Protein chains: 2
Amino acid sequence: MPESIALQPADVLIIPRWLLPMEPTGALLTGHAVAIRGETILDVGPTEELERRWRPRERVELPDHVLLPGLINAHTHAAMTLLRGIGDDLPLRRWLEEAIWPREMALMSEAFVYDGTLLAAAEMLRGGITTAVDMYFYPEAAARAFAAMGMRSVLGITVIDFPTPYAADADEALAKGLAVRDAWRDEPLVSFVLAPHAPYSVSDETLERIATLAAQLDLPVQIHLLEAAQEREESLARHGETPLQRLDRMGLLGPGLIGVHAVHLTESEIALLVERGAALVHCPTSNMKLASGIAAVPRWLEAGIAVGLGTDGAASNNRLDLFQEMRHAALLAKVGQGRADVLPAMQILELATIGAARALGLEHRLGSIRPGKAADLVAVALDAVETQPCYDPCSHLVFVAGREHVSDVWVAGRRRISGKILLLQENNRPLSALAQNWRQRIQLQIR
Amino acid sequence: MPESIALQPADVLIIPRWLLPMEPTGALLTGHAVAIRGETILDVGPTEELERRWRPRERVELPDHVLLPGLINAHTHAAMTLLRGIGDDLPLRRWLEEAIWPREMALMSEAFVYDGTLLAAAEMLRGGITTAVDMYFYPEAAARAFAAMGMRSVLGITVIDFPTPYAADADEALAKGLAVRDAWRDEPLVSFVLAPHAPYSVSDETLERIATLAAQLDLPVQIHLLEAAQEREESLARHGETPLQRLDRMGLLGPGLIGVHAVHLTESEIALLVERGAALVHCPTSNMKLASGIAAVPRWLEAGIAVGLGTDGAASNNRLDLFQEMRHAALLAKVGQGRADVLPAMQILELATIGAARALGLEHRLGSIRPGKAADLVAVALDAVETQPCYDPCSHLVFVAGREHVSDVWVAGRRRISGKILLLQENNRPLSALAQNWRQRIQLQIR
């Protein structure tokens with residue numbers, strides 16, 4: 001065809017072997033391409049049509065690859081990479097009280113959060129995660145770290161009702177967090193979520209303030225919910241109501257609420273969440289490693305709840321790896337329900353993409369490959385010996401491939417990974433040395 | 001020190017940052033090295049001493065690495081790589097009857113087994129697995145494939161009481177298998193195990209013959225055991241005794257017996273296994289994916305049973321990856337028992353090395369880094385962004401690292417992996433093309 005027909009300019013034309021757009025549901029396309037202009041997906045369609053329609057500055061052919069939406073890590077504590085693997089194999093309470101909390105209180109600072117988040121962002125981006133929801137302290141430092149890596153973030157304005165090095169109380173944490181939100185208002189890769197730590201660690205008064213702010217500022221709310229079995233009983237003893245009843249009384253249980261873990265929901269609590277339009281995040285590796293239990297994810301989905309997947313922090317996982325979370329979500333549901341046919345591969349891929357986008361209220365911009373959405377894209381190569389043969393690329397993404405097979409990652413139309421981390425190289429930041437310096441400091445502090 | 005003092009020749013001196021010998025139990029050494037001569041570990045000790053004692057032809061410095069014994073995959077069906085991911089997400093019975101068995105019956109041939117096993121061996125070796133126990137048909141083809149990759153194998157003389165393309169009946173399968181064993185008698189990397197498929201698929205008469213052969217030839221016996229809950233009831237209905245009672249009556253329940261899966265053992269059955277000195281193999285990913293259930297591995301170990309880890313075949317996993325099995329064994333036990341402190345990292349590493357060697361009766365040659373044992377060694381690099389920082393290399397091997405961090409693999413003193421698969425390159429075998437040819441044939445056969 002004559003080149004002159006393709007009159008409209010595009011920035012990038014990506015031509016993968018398989019295109020997994022995640023909308024419409026269940027579609028897996030061959031012979032299709034994606035055109036990008038600026039930060040946005042410009043066109044999706046048969047390669048021949050796109051070749052006729054657009055004149056791209058750059059053409060990327062991916063002959064052995066699946067192209068899918070950038071993965072969304074719906075719950076993490078990014079800076080905790082610096083505590084990766086500390087206190088493994090301890091019972092939950094000892095793990096928190098002996099291994100994690102004392103170290104966090106001693107170490108937490110702007111530098112700790114910036115460096116730890118930089119490490120987390122590098123790990124996540126390299127593994128195909130283009131967006132992370134981060135619940136930690138010093139959100140301004142985290143925002144700078146995510147921005148330095150060119151990754152999209154949803155930053156928690158994290159609130160807990162005891163003093164931390166970051167804030168003396170909940171009011172200070174809220175004030176500081178909202179100031180950061182104002183300062184970063186014009187940065188398109190950053191958004192915010194109110195993040196009360198958990199019903200058991202935040203008072204009625206603080207929860208009420210957060211409910212008011214959420215409504216005034218139209219902010220979502222992410223909160224740890226029923227991760228451990230005793231949370232219901234402790235809440236009944238202390239407040240005379242369950243954690244969900246309490247959140248509901250505060251007016252927090254609505255479409256903007258994102259409950260994390262939710263291992264110990266009853267059937268009637270699932271019904272209440274459906275009625276209120278709340279969303280959930282499943283963290284299968286963390287739930288297994290901390291022996292929290294097996295969440296009833298197939299039931300949540302059947303009931304119509306929007307569900308995302310999260311890695312949790314690197315102290316309880318210890319990988320910020322959504323390929324692992326996808327595989328664990330599938331395997332844990334199957335063995336948990338005693339049914340090999342629950343949560344098939346395509347449904348698992350939804351949890352990591354469009355499902356998470358819906359849970360976060362970001363489905364207008366993220367989670368699928370459609371014209372007008374953000375150009376957050378991941379290419380996974382399936383030509384390695386260990387991924388061969390391939391009968392079904394969706395099954396392979398869940399049960400065979402790992403983050404090590406991610407070849408290319410685009411965030412908002414810019415290629416951030418192409419085999420290696422591009423931005424990191426530009427900045428020439430020796431991330432491993434950074435991590436090792438912190439390890440030495442933290443090990444000294446342990447003794 | 002003057003070079004002249006080091007008078008004794010060695011082939012290789014490996015100087016890792018951390019040495020994880022697996023014997024003595026719990027040891028993690030720094031400043032230690034390993035010397036190899038021929039196929040055997042010659043010396044293990046402080047690096048300075050070894051430098052004085054030995055004059056190696058080759059020195060390998062691994063400044064960011066853990067060196068550990070080669071991993072042992074105690075149960076797989078290697079050639080099933082060619083069916084990787086076929087029939088995922090189906091209930092167990094439909095998976096076997098619709099997806100797997102008809103295809104195996106239609107496809108199984110010497111070429112299928114050779115090519116599939118070659119693919120499996122490449123995948124396993126690249127991921128740090130130096131020995132695999134293979135339960136499949138055409139053991140001569142499998143032996144050739146493992147030998148072509150320079151990998152150690154324990155080949156099943158597989159017996160099932162229905163006709164297959166390989167053998168019309170159990171007698172033919174046994175005769176063929178024993179002939180292969182005779183032909184390969186002088187190959188040090190190959191040994192054999194009698195492999196009746198399962199109590200439900202092998203008759204009393206055949207089991208009795210196998211018990212006699214096992215005693216006469218001093219061969220171990222590997223058998224699928226209580227993978228599904230209904231096996232006990234079906235056996236009671238058909239034979240008037242449980243699978244274990246039946247094996248015990250045949251005289252098969254002894255130190256040479258290796259039961260695979262054992263998801264549904266009772267307490268008294270565990271006690272019987274201990275009394276008889278039988279061993280078990282745990283396949284956590286397969287047990288999750290097929291919804292078989294959660295094996296009581298912490299109980300087995302507490303009772304003193306020798307336990308190894310297996311990947312099972314690539315149709316039910318779908319990775320032949322012992323790093324994944326280690327992680328899944330730890331995570332599944334924790335959530336299964338509701339205790340975050342069960343199966344700590346060092347115990348998991350034992351399952352993949354010395355534990356498996358004991359289960360297979362090969363602990364005199366394999367499973368730990370000791371002078372006189374086979375020089376089967378794996379180096380894992382822990383300097384990547386996603387493995388940083390590192391407080392405890394054992395925890396990292398189980399919860400952080402993946403097979404993608406394996407840098408070097410030696411089998412019987414010969415380096416088979418150094419970043420890439422060395423032997424594969426020498427032979428210039430286009431393994432991916434091989435797999436894709438089979439995919440095309442198999443997909444045609446499906447329609």
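Since we're looking at a predicted model, the values are computed, not measured.

Turning next to the overall build of chain A. Secondary structure assignment for chain A yields 17 helices and 17 strands. Its C-alpha atoms give chain A a radius of gyration of 22 Å, near enough to 22 Å, the size a compact globule of 447 residues would have. For chain A, the spread of C-alpha atoms along the principal axes amounts to about 75 × 45 × 45 Å. Per-residue burial for chain A yields a buried fraction of 65% across its 447 residues. Considering only contacts in chain A between residues 6 or more positions apart, those separated by 24 or more positions represent 73%. Just so you have it, chain A exposes about 15,100 Å², and 50% of that area is on carbon and sulfur atoms. Within chain A, one finds 42 positive and 55 negative side-chain charges whose respective centroids are separated by 4 Å.

All names here are of chain B. Packing of helix H5 (residues 170–183) against helix H6 (residues 204–217) brings their axes to within 11 Å, and their N-to-C directions diverge by 20 degrees. Relative to H6, H5 is oriented roughly parallel. Our pair here, H5 against H6, has a crossing hand that is right-handed. Contacts between H5 and H6 involve Ala 170, Asp 171, Leu 174, Leu 178 and Arg 181 from the first element and Thr 206, Arg 209, Ile 210, Leu 213 and Leu 217 from the second. Looking at the contact of H5 with H6 residue by residue, the classes come out as 6 nonpolar, 1 polar and 3 charged.

A few words now on the relation of the copies chain A and chain B. For the match of chain A to chain B, the screw axis carries a shift of 0.0 Å, the RMSD comes to 0.0 Å, and the turn is 180 degrees. Such a combination of rotation and displacement between the chain copies is what one expects of a two-fold axis. Within chain A, A:Glu404 has its C-alpha nearest the rotation axis, a separation of 3.5 Å. When the interface residues of chain A are mapped onto chain B, 100% of them again fall at the interface, so both copies present the same face.

Our focus in this paragraph is the domain arrangement of chain A. Residue and element names in this part refer to chain A. For chain A, the assigned domains read domain 1 (3–69 + 375–412) and domain 2 (71–359). For the pairing of domain 1 and domain 2, the buried interface totals around 2,200 Å² over both sides, and the portion due to carbon and sulfur atoms is 67%. The largest per-residue losses of area from domain 1 upon contact with domain 2 belong to Met 22, Val 398 and Arg 403, which jointly make up 33% of the total buried on that side. For the pair domain 1 and domain 2, the interface holds 4 salt bridges. One salt bridge connects Arg 358 with Glu 23, and the closest N-O pair in it is separated by 3.6 Å. The interface formed by domain 1 and domain 2 holds 6 residue pairs in polar contact (both at pLDDT 80 or more) in total. Of all the elements in the fold, those that place two or more residues in the side of domain 1 that touches domain 2 are strand S5 (54–69), strand S14 (377–381), helix H15 (393–399) and strand S15 (406–411).

Taken together, the contacts link 65 residues of chain A with 65 residues of chain B. Taken over both partners, the interface formed by chain A and chain B buries close to 5,000 Å², and the fraction arising from carbon and sulfur atoms is 58%. Sorting the residues of chain A by area buried against chain B places A:Asp89, A:Val385 and A:Tyr391 first, and these three jointly supply 15% of that buried surface. Taken together, the links from chain A to chain B amount to 4 salt bridges. A salt bridge links A:Arg319 to B:Glu404; the nearest nitrogen and oxygen atoms lie 3.5 Å apart. Our enumeration of links across chain A and chain B arrives at 22 residue pairs in polar contact (both at pLDDT 80 or more).

On to the side chain of A:Gln222, then. All names here are of chain A. When you line up the elements, Gln 222 lands in strand S10 (residues 221–225). A residue is classified by how much of its surface remains accessible, and Gln 222, at 1% relative accessible area, is buried. Within the local environment of Gln 222, its side chain forms a polar contact with the side chain of His 75, the two groups lying 2.9 Å apart.

Attention now moves to the side chain of B:Glu104. Residues and elements named next belong to chain B. Within the secondary structure, Glu 104 is located in helix H2 (residues 92–107). Buried and without a salt bridge, Glu 104 has Arg 103 as its closest oppositely charged side chain, separated by 10 Å. In this structure, Glu 104 is in contact with Met 80, Leu 83 and Tyr 136, ignoring residues within four places of it in sequence.

With that settled, the discussion passes to the packing of aromatic side chains. Tallied over the full model, the rule gives 8 aromatic pairs over all chains. Taken together, a centroid distance of 6.1 Å and an interplanar angle of 50 degrees make the contact between A:Phe137 and A:Tyr166 tilted. Taken together, the residues span a long stretch of sequence, with A:Phe137 in the loop between strand S7 (129–134) and helix H4 (139–149) and A:Tyr166 in the loop between strand S8 (152–159) and helix H5 (170–183) at a distance of 29 residues. Among the residues examined, A:Phe137 registers a relative accessible area of 10% and is labelled buried. Joined through ring pairs, the aromatic side chains of A:Tyr136, A:Phe137, A:Tyr138 and A:Tyr166 make up one cluster. A cation over a ring is seen here: B:Lys176 above B:Tyr166, with NZ or CZ 4.8 Å from the ring centre.

Moving on, we come to a negative patch on the surface. Residues A:Asp161, A:Asp169, A:Glu205 and A:Glu208 make up a contiguous surface patch of negative charge. Within the secondary structure, A:Asp169 sits in the loop between S8 and H5.

Residue and element names in this part refer to chain A. For S15, the tally of buried residues reaches 6 of 6 residues, placing the bulk of the element in the interior. Bridging between S15 and strand S16 (residues 414–418) involves 4 bridges; their strand directions are antiparallel. If you follow Trp 410 over to S16, its bridge partner there is Arg 415.

Take the UniProt feature "domain: Amidohydrolase-related" (unreviewed entry) in chain A next. As annotated by UniProt and renumbered to match this structure, "domain: Amidohydrolase-related" (unreviewed entry) occupies residues 66–414 of chain A. The span residues 66–414 of chain A is 43% helix and 17% strand, and its two end C-alpha atoms sit 18 Å from each other.

This brings us to the pattern of salt bridges. Side-chain pairs of opposite charge can arise whenever the charged atoms involved come near each other. A complete count under the given rule lists 66 salt bridges over all chains for this structure. Ionic pairing is found between B:Arg403 and B:Asp321, a salt bridge with its closest N-O pair at 3.7 Å. In this pair, B:Arg403 is assigned in the loop between helix H15 (393–399) and strand S15 (406–411) and B:Asp321 in the loop between strand S13 (307–309) and helix H12 (322–337), connecting sequence segments 82 residues apart. Note on accessibility: B:Arg403 and B:Asp321 belong to one class, buried. One network of salt bridges, with partners in common, ties together A:Arg84, A:Glu123, A:Arg319, A:Asp321, A:Arg403 and B:Glu404.

Procedures and definitions
Residues numbered from 1 in each chain as written. Chains lettered and ligands numbered in written order. Predicted model: local features only at pLDDT ≥ 70, side-chain atom pairs only at ≥ 80, totals over all residues. Heavy atoms only, no water. Helix = DSSP H or I, 4+ residues; strand = E, 2+ residues; numbered from the N terminus. Rg over C-alpha atoms; globule rule 2.2 N^0.38 Å. Buried < 20%, exposed > 50% of the residue type's maximum accessible area, 1.4 Å probe, protein only. Contact = heavy atoms within 4.5 Å. Areas by Shrake-Rupley, 256 points an atom, 1.4 Å probe, with all protein chains shown as cover. Lys, Arg positive; Asp, Glu negative; His and termini not counted. Charge placed at Lys NZ, Arg CZ, Asp CG, Glu CD. Axes fitted to C-alpha atoms, helices over the stretch in contact; angles between N-to-C directions. Parallel < 35°, antiparallel > 145°, perpendicular 65-115°, else oblique. Left-handed = near helix turned anticlockwise from the far one by under 90°. Nonpolar A, V, L, I, M, F, W, Y, C, P; charged D, E, K, R; others polar. Least-squares fit on C-alpha atoms with pLDDT ≥ 70 in both. Domains from an automatic or database assignment. Buried area = accessible area lost by both parts, 1.4 Å probe. Salt bridge = Lys/Arg side-chain N within 4 Å of Asp/Glu carboxyl O. Polar contact = N/O pair within 3.5 Å; in protein donor to acceptor, adjacent residues only side chain to side chain. Phe/Tyr/Trp six-rings, centres within 6.5 Å; stacked < 30°, edge-to-face > 60°. Lys NZ or Arg CZ within 6 Å of the ring centre and 35° of its normal. Patch = residues over 30% accessible without salt bridge, like charges linked within 9 Å, V, L, I, M, F, W, Y side chains within 5 Å. Pairing = 2+ DSSP bridges. UniProt positions renumbered as here; feature names shortened; annotations may be inferred.

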